[in-house]
Number of protein chains: 2
Amino acid sequence: MILQVDDILRRNSLSVTESRKKILNLFLTVQGALAHGDIERKAGEKFDRVTVYRTLQTFVEKGIIHTIPTTDNSVRYALCKDNCTEGHHHDNHIHFICIKCGSTLCLEDILAPEILLPKGFTLSEIEVVVKGICRDCNSKK
Amino acid sequence: MILQVDDILRRNSLSVTESRKKILNLFLTVQGALAHGDIERKAGEKFDRVTVYRTLQTFVEKGIIHTIPTTDNSVRYALCKDNCTEGHHHDNHIHFICIKCGSTLCLEDILAPEILLPKGFTLSEIEVVVKGICRDCNSKK
DNA sequence: TATTGCCCCGCAACTAAGTTGCAAAATATA
DNA sequence: TATATTTTGCAACTTAGTTGCGGGGCAATA
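Residues numbered from 1 in each chain as written. Chains lettered and ligands numbered in written order. Predicted model: local features only at pLDDT ≥ 70, side-chain atom pairs only at ≥ 80, totals over all residues.

### Some words on the interface of chain B and chain A
Piece 1. Opposite the 33 residues of chain B that make contact, chain A presents 33 residues.
Piece 2. Put simply, the parts of the chain that give the side of chain B that touches chain A at least two residues each are strand E4 (93-98), strand E5 (104-111), strand E6 (122-133) and helix H5 (135-140) of chain B.
Piece 3. Counting residues per element, the side of chain B that touches chain A draws most heavily on E6 of chain B, which supplies 12 residues.
Piece 4. The pairing of strand E6 (residues 122-133) of chain A with E6 of chain B spans 11 bridges and is antiparallel. (Contact = placed C-beta atoms within 7 Å. Helix = DSSP H or I, 4+ residues; strand = E, 2+ residues; numbered from the N terminus. Pairing = 2+ DSSP bridges.)

In structure tokens form, the structure reads like this:
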């Protein structure tokens, strides 16, 4: 598991440091997306807030993680699939936010639909966020 | 124009006050969506930050405006169409963010597509944000 | 239009979120 | 192992957002 973390970092030509390993490992073990706060808390009180910010920023730049938009000013982060390359990554799957438990999931198998824009508009990226109740919450009721 | 503002406020059983009129008027005159910062600046230095926050919150609750998710921690607000009712409003159109000029638009004519979720998931709302280059920026180049 | 009650605004003080510069420590490289 | 480069942590700061409360504006009624 830790080997995998080292590998990912090296493949992206990043120095292998404690904080990067710890935070990346979080993403690998946790199911779903993480908000900044989650990471600060779970990654341990060991790291400075600034380090968490910078590490996340680095990961996003390298295409290791991607951001998920929300309507409540709380950007969340999730692992990208392996085929994401630096800068240009293929984030065409949709995201699901459970309105009960609040968890955010990447539905990797469901691709964003085609959208036909009005004349004069050029398309570059489509983000789809679906809200509803997740499988876990539905089965628990 | 000001009559329209008064009307909207009364229809939503809100007291007609200076700040509400001014901020609502902003939304009526400006094309596209506004970020909180825009509102604070354009609505005039006359209003307290807290008032802007509370006014926006009230408008969202009443269904006069709705929020648009972004990936950069900057929620934007846009006017709802008239048929939005309190609490439950029909925000099934898609949103467009121009990566050149940064403006955010509601594409009212384009509805969010159907999404088929995996088994066990229940759908409640779909948010679609399309990024690209808007008509204005395309024609100016 | 005067009065009364209620709602809204602005102020102050606070918490949370995010950024920047710099020196010290850790990492990579040879 | 020694050196150059990156990364970290600290401090200080800016921006964003929240809460409580007293004074003032708004609406409703007569």
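### Considerations on the protein's contact with DNA strand D
Piece 1. Inspection of the region around DNA strand D gives 21 residues, with Thr17, Ser19, Asp48 and Thr51 of chain A together with Val16 of chain B positioned closest.
Piece 2. When contributions to the surface near DNA strand D are tallied by element, the ones reaching two or more residues are helix H2 (18-29) and helix H4 (49-62) of chain A together with helix H3 (36-42) and helix H4 (49-62) of chain B.
Piece 3. Among the elements that take part in the surface near DNA strand D, H4 of chain A stands out by supplying 4 residues, more than any other.
Piece 4. Residues that form the surface near DNA strand D fall into these classes: 6 nonpolar, 10 polar and 5 charged. (Near = placed C-beta within 6 Å. Nonpolar A, V, L, I, M, F, W, Y, C, P; charged D, E, K, R; others polar.)

### With respect to the sheet that holds strand E5 (residues 104-111) of chain A
Sheet strands line up and pair through hydrogen bonds in the backbone, either parallel or antiparallel.
Piece 1. Reading across the sheet, the 6 strands line up as E5(A)-E4(A)-E6(A)-E6(B)-E4(B)-E5(B) and stay open at both edges, with mixed pairing between neighbours. Strand pairing shows two members of the sheet lacking a second neighbour, E5 of chain A together with E5 of chain B, which therefore form its edges. Here the average twist between neighbouring strands, direction ignored, is 30 degrees.
Piece 2. One ladder, built from 5 bridges, connects E4 of chain B with E5 of chain B; its direction is antiparallel. Considered in E5 of chain B, the bridge of Ile97 of chain B is made with Thr104 of chain B. (Axes fitted to C-alpha atoms, helices over the stretch in contact; angles between N-to-C directions.)

### A short note on the protein's contact with DNA strand C
Piece 1. Among the 21 residues in the neighbourhood of DNA strand C, the closest are listed as Ser15 and Val16 of chain A together with Thr17, Ser19 and Thr51 of chain B.
Piece 2. If you list the elements that add at least two residues to the surface near DNA strand C, you get helix H3 (36-42) and H4 of chain A together with helix H2 (18-29) and H4 of chain B.
Piece 3. Looking at the surface near DNA strand C element by element, the count peaks at 4 residues for H4 of chain B.
Piece 4. Residues belonging to the surface near DNA strand C are distributed by class as follows: 6 nonpolar, 10 polar and 5 charged.

### Here we look at the relation of the copies chain B and chain A
Piece 1. For these two chains of identical sequence, chain B goes onto chain A by a turn of 180 degrees and a shift of 0.0 Å along the axis, with RMSD 0.0 Å. What we have between these two chains is a two-fold relation. (Least-squares fit on C-alpha atoms with pLDDT ≥ 70 in both.)

### Notes on the nonpolar core
Piece 1. Among the nonpolar cores identified, the biggest contains 54 residues, and Ile65 and Phe96 of chain A together with Ala33, Ile65, Tyr77, Ala78 and Phe96 of chain B are the most heavily contacted of them.
Piece 2. Residues within four places of Ile65 of chain A in sequence aside, it is in contact with Phe27, Phe59, Val60, Tyr77, Ala78, Leu79 and Cys80 of chain A. (Core = buried A, V, L, I, M, F, W, Y, C linked by C-beta atoms within 7 Å. Buried ≥ 20, exposed ≤ 12 C-beta atoms within 10 Å, placed from the backbone.)

### Overview of the environment of Ile126 of chain A
Piece 1. With respect to the element layout, Ile126 of chain A can be found in strand E6.
Piece 2. Overall, Ile126 of chain A belongs to the partly exposed group, with 19 C-beta atoms counted inside 10 Å.
Piece 3. In contact with Ile126 of chain A, not counting residues within four places along its chain, are Ala112 and Ile115 of chain A together with Val128 and Val130 of chain B.

### Details of unusual backbone geometry
Piece 1. Its identity is not glycine, yet Ser13 of chain A carries a phi of approximately 50 degrees, on the positive side.
Piece 2. Since 8 C-beta atoms lie within 10 Å of it, Ser13 of chain A is described here as exposed.

### Brief notes about the sheet that holds strand E1 (residues 34-35) of chain B
Residues and elements named next belong to chain B.
Piece 1. In spatial order, the strands read E1-E3-E2; together these 3 strands make up an open sheet with antiparallel pairing. Looking along the sheet, the strands with just one partner apiece sit at the ends: E1 and strand E2 (65-68).
Piece 2. Across 2 bridges, the pairing between E1 and strand E3 (residues 76-79) is antiparallel. Note on E3: the bridge partner recorded for Leu34 is Tyr77.

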